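The chain contents come next:
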Amino acid sequence: RECLPCPGEGYAPRTGRAVSAVLIVLSLAGCSQASTNGDVALPPRFDSGPEVRDALIKSGLGCDGFRPIGRHHRDFGEEDAVETDSCRVDNEDVIISIWGGLGQKQDWARTRAGLGCQFADSLGSTPPIYVDGGRWTITVQSRALANRISQAIGGEPTFTDCRSLD
């Protein structure tokens, strides 16, 4: 058996492989969908629009008329999403987007906020509202629906404050 010096204690048996195995197991345990960050639960990871749709249906909110949206028919800023789909939830049209990464989603959110606030100001419409699930978003028309979706399947309701963009 090979031994390595321990600070202030002479020699201890080499346990590198055992320690590595334990570290791998612990790091993998942190990758489950039910992982938490302190007391705050992380949103579930959805990798496709159909997974989001299924979660909405399972929660009782539904997702009627689910259909994919081709790249050339997407709203500005959503063209680069990995996937974009639409459906009706509680009689509101919603857009489900799956992003390639957090940076891509953050770029979309900044673009959406800027353009959405310009439209809201000139047309008197509602500023952008969406549920942010990390790599997935659900764009909605009302705060009430954003809150219901967040409570049902996770994610953070996000309400754009246009005054903060001035």
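This report concerns the structure included in the present document. Model, not experiment: these values are computed from the prediction.

1. Looking at the overall build of the chain
Looking only at helices and strands, one finds 4 helices and 10 strands in the chain. When the elements of the chain are put in sequence order from the N terminus, they spell out β-β-α-β-β-α-β-β-β-α-β-β-α-β. Within the chain, buried positions represent 36% of all 166 residues. For the chain, restricting intrachain contacts to residue pairs at least 6 apart in sequence, the fraction spanning at least 24 positions comes to 48%. Accessible area for the chain stands at about 10400 Å²; split by element, carbon and sulfur atoms hold 53% of it.

2. Thoughts on the sheet that holds strand β7 (residues 92–98)
Ordered by their spatial adjacency, 6 strands build an open sheet running β5-β6-β7-β9-β8-β10, and the pairing between neighbours is antiparallel. In this open sheet, the two strands that pair with only one neighbour each are β5 (64–68) and β10 (156–159). Put simply, the sheet's adjacent strands are angled 20 degrees from each other on average, direction ignored. The strands that helix α4 (residues 143–153) touches are β6 (83–89), β7, β8 (129–132), β9 (136–140) and β10; relative to β10, the one it contacts most, it runs at about 160 degrees.

3. Side note on the pairing of β7
Looking along a regular strand, one sees side chains alternate from face to face of the sheet. Counting buried positions along β7 yields 6 of 7 residues, so the element is predominantly enclosed. Two strands pair when backbone bridges link them, and β6 and β7 are joined in this way by 7 bridges, in the antiparallel orientation. Each residue of the ladder has a partner; that of Val89, found in β7, is Glu92. Connecting β6 to the next strand, β7, in antiparallel fashion are 2 residues, including Asp90 with a positive phi near 50 degrees.

4. Overview of the pattern of salt bridges
Taken as a whole, this structure holds 7 salt bridges when the rule is applied. Between Asp93 and Arg88 there is a salt bridge whose closest N-O contact spans 2.7 Å. Here Asp93 falls in the partly exposed class, since its relative accessible area comes to 43%. Arg88 gets classed as partly exposed once you look at its relative accessible area, which sits at 33%. Where Asp132 meets Lys105, a salt bridge forms, and the shortest distance between an N and an O atom there is 2.7 Å. Of this pair, Asp132 sits in strand β8 while Lys105 is found in helix α3 (residues 102–123), placing the two residues 27 residues apart along the sequence. Neither Asp132 nor Lys105 differs from the other in exposure class; each is buried. Overlapping salt bridges, with partners in common, bring together Arg45, Asp47 and Arg135 in one network.

Calculation rules
- Residues numbered from 1 in each chain as written.
- Predicted model: local features only at pLDDT ≥ 70, side-chain atom pairs only at ≥ 80, totals over all residues.
- Heavy atoms only, no water.
- Helix = DSSP H or I, 4+ residues; strand = E, 2+ residues; numbered from the N terminus.
- Buried < 20%, exposed > 50% of the residue type's maximum accessible area, 1.4 Å probe, protein only.
- Contact = heavy atoms within 4.5 Å.
- Areas by Shrake-Rupley, 256 points an atom, 1.4 Å probe, with all protein chains shown as cover.
- Pairing = 2+ DSSP bridges.
- Axes fitted to C-alpha atoms, helices over the stretch in contact; angles between N-to-C directions.
- Salt bridge = Lys/Arg side-chain N within 4 Å of Asp/Glu carboxyl O.

In short, shape yes, function no, at least from these values alone.
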